[in-house]
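Chain and residue survey
Single-letter residue listing:
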Amino acid sequence: MKALICREYGLPLTLQVEEVATPTIEPDEVLVKVLYCGVNFPDTLIIQNKYQFKAPLPFTPGSEITGIVTAVGKEVIHVKPGDRVAGICRWGGFAEFAAIKSTHVFVLSANIDLKLAAATLYNYATSYHALKDRAQLKPGEKLLVLGAAGGVGLAALELGKLMGATVIAAASTDEKLNLCNQKGADSLINYATHNLRELVKEITNGAGVNVVFDPAGGALAENALRSMAWRGRYLVVGFASGTIPAFPANVPLLKGASVIGVFWSGFAAKEPMQNATNIKQLIAWLAEGKIKQEIYKTYSLPEAPQALQALMDRKVLGKAIVQVT
Ligand SMILES: NC(=O)c1ccc[n+]([C@@H]2O[C@H](COP(=O)([O-])OP(=O)(O)OC[C@H]3O[C@@H](n4cnc5c(N)ncnc54)[C@H](OP(=O)(O)O)[C@@H]3O)[C@@H](O)[C@H]2O)c1
């Protein structure tokens, strides 16, 4: 089969498509003929050996696929050959076939578009876990989403609206904010040209926001922390800026606020039943058209390095997708 191969840790353009053996499956695994693979920020870190999980060389990156099941291990009962599925894996997705743990394979009904589904689960499962389980976001609360036109950011915006919150979308360009506006954001902030804290104060009549969703980290984080209301919850989701922020502890003290970590794959491993309930809800919303990730561009398998590079270059609005076969 054809697969994108990482032979040395490094930047996306060092990856190449090669002919390799089709993976074999363990008793608890499912073999999927991959049609689409979503492009996620952690993929860009794994190929550089900068992520929590270390992939042994050589390996195939790609962590979120949709396709058709071709074989199942003998312990697998909820999936059968021929099923249309979505699957989440640490790596292995940018290939014609992927072997995935059955607990991370989800059957999709015939009315769900496989390309859209490949753009959905990773981002929405992360953002839903963040807003529902970690922040316990309530209807009527004010949610500030940073990096709001990115993969998890746009998911947080859409889910925040679905959960009844008022959403302030913040991003670095007017083009990105235009997309956030189309996705239903109540207010928009361009943090490249305006002062985030001053605008949040103005939009919320001085009250501040109840929840901050932060996938970027970096210089904006302290301003966002200081923009929270009494009993605010600050969700630490990621560090796309490349800088892990350090917070002055007096700010959460004075606001009776919390700084809350979000680690979706840890949650999926440690609390599989709760994660399965969340995924079931997301798949239902996907089928009903209530959630719809923005697809930025569809790349071919040989173009997958360009897709990863575009994500690193901050160019992607919503989600880039690779059509594998
Ligand atoms: N905690 C978890 O369980 C979990 C799960 C999935 C992903 N993540 C993390 O969440 C973060 C976002 O992932 P994603 O897939 O949504 O990525 P993405 O689509 O690239 O979005 C990241 C956003 O961050 C902003 N950003 C600020 N500085 C940036 C920089 N130097 N380079 C790139 N983007 C920058 C960009 O928005 P502006 O240009 O508007 O600033 C961009 O849209 C990553 O750090 C990822 O590792 C965490």
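Note that the structure is a prediction, hence the values are computed from the model and not measured.

This part is about the overall build of the chain. The secondary structure content of the chain amounts to 11 helices and 15 strands. Taken against the 2.2 N^0.38 rule, which gives 20 Å for 325 residues, the C-alpha radius of gyration of the chain at 20 Å falls within 12% of a compact globule. When its C-alpha atoms are laid out on the principal axes, the chain stretches across 60 × 40 × 35 Å. Considering the chain as a whole, with its 325 residues, one finds that 48% of them fall into the buried category. Excluding contacts between residues fewer than 6 apart, the proportion of contacts in the chain whose partners are at least 24 apart in sequence is 68%.

The next point concerns the domain arrangement of the chain. One frequent convention defines the size of an interface as the accessible area lost when the parts assemble. Partitioning the chain into structural domains gives domain 1 (2-119 + 294-323) and domain 2 (123-265). Put simply, the middle of domain 1 and the middle of domain 2, counted by C-alpha atoms, are 28 Å apart. The class makeup of the residues in the side of domain 1 that touches domain 2 is two nonpolar, two polar and two charged.

Time to look at unusual backbone geometry. For the bond from L57 to P58, the omega torsion is -15°, close enough to zero to count as cis. Within the secondary structure, P58 is located in the loop between α1 (41-46) and β4 (64-72). Of note, R231 is a non-glycine position whose phi angle comes to about 60°, a positive value. Overall, the presence of 10 C-beta atoms within 10 Å leaves R231 in the exposed class. For R314, which is not glycine, the phi dihedral falls at a positive 70°. Relative to the helices and strands, R314 resides in the loop between α11 (304-312) and β15 (319-323).

The six strands lie next to each other as β10-β9-β8-β11-β12-β13, forming an open sheet whose pairing is parallel. The two strands at the open ends of the sheet, each matched to only one other strand, are β10 (187-190) and β13 (258-261). With strand direction ignored, the average angle separating the axes of adjacent strands in the sheet is 20°. Where strand β11 (residues 209-214) meets strand β12 (residues 228-236), five bridges bridge the pair, whose relative direction is parallel. For F213, the partnering residue across the bridge sits in β12 and is L235.

Our next topic: the nonpolar core. Counting 106 residues, the largest nonpolar core has V145, A148, A169 and A170 as its most contacted members. With seven residues, helix α3 (residues 121-134) is the largest single contributor of residues to this core. Residues contacting A169, with those up to four places away along its chain left out, are V145, A148, L157, L177, C180, A185 and L188.

Looking now at the site of the ligand. Close contacts around the ligand come from 27 residues, with G147, G150, G151, A171 and G238 the closest. Broken down by secondary-structure element, the contributors of at least two residues to the shell around the ligand are α1 and α4 (151-162). In the shell around the ligand, the residues fall into 15 nonpolar, 10 polar and two charged. A domain split of the shell around the ligand shows at least three residues from each of domain 1 (2-119 + 294-323) and domain 2 (123-265).

Rules of the game
- Residues numbered from 1 in each chain as written.
- Predicted model: local features only at pLDDT ≥ 70, side-chain atom pairs only at ≥ 80, totals over all residues.
- Helix = DSSP H or I, 4+ residues; strand = E, 2+ residues; numbered from the N terminus.
- Rg over C-alpha atoms; globule rule 2.2 N^0.38 Å.
- Buried ≥ 20, exposed ≤ 12 C-beta atoms within 10 Å, placed from the backbone.
- Contact = placed C-beta atoms within 7 Å.
- Domains from an automatic or database assignment.
- Nonpolar A, V, L, I, M, F, W, Y, C, P; charged D, E, K, R; others polar.
- Pairing = 2+ DSSP bridges.
- Axes fitted to C-alpha atoms, helices over the stretch in contact; angles between N-to-C directions.
- Core = buried A, V, L, I, M, F, W, Y, C linked by C-beta atoms within 7 Å.
- Near = placed C-beta within 6 Å.

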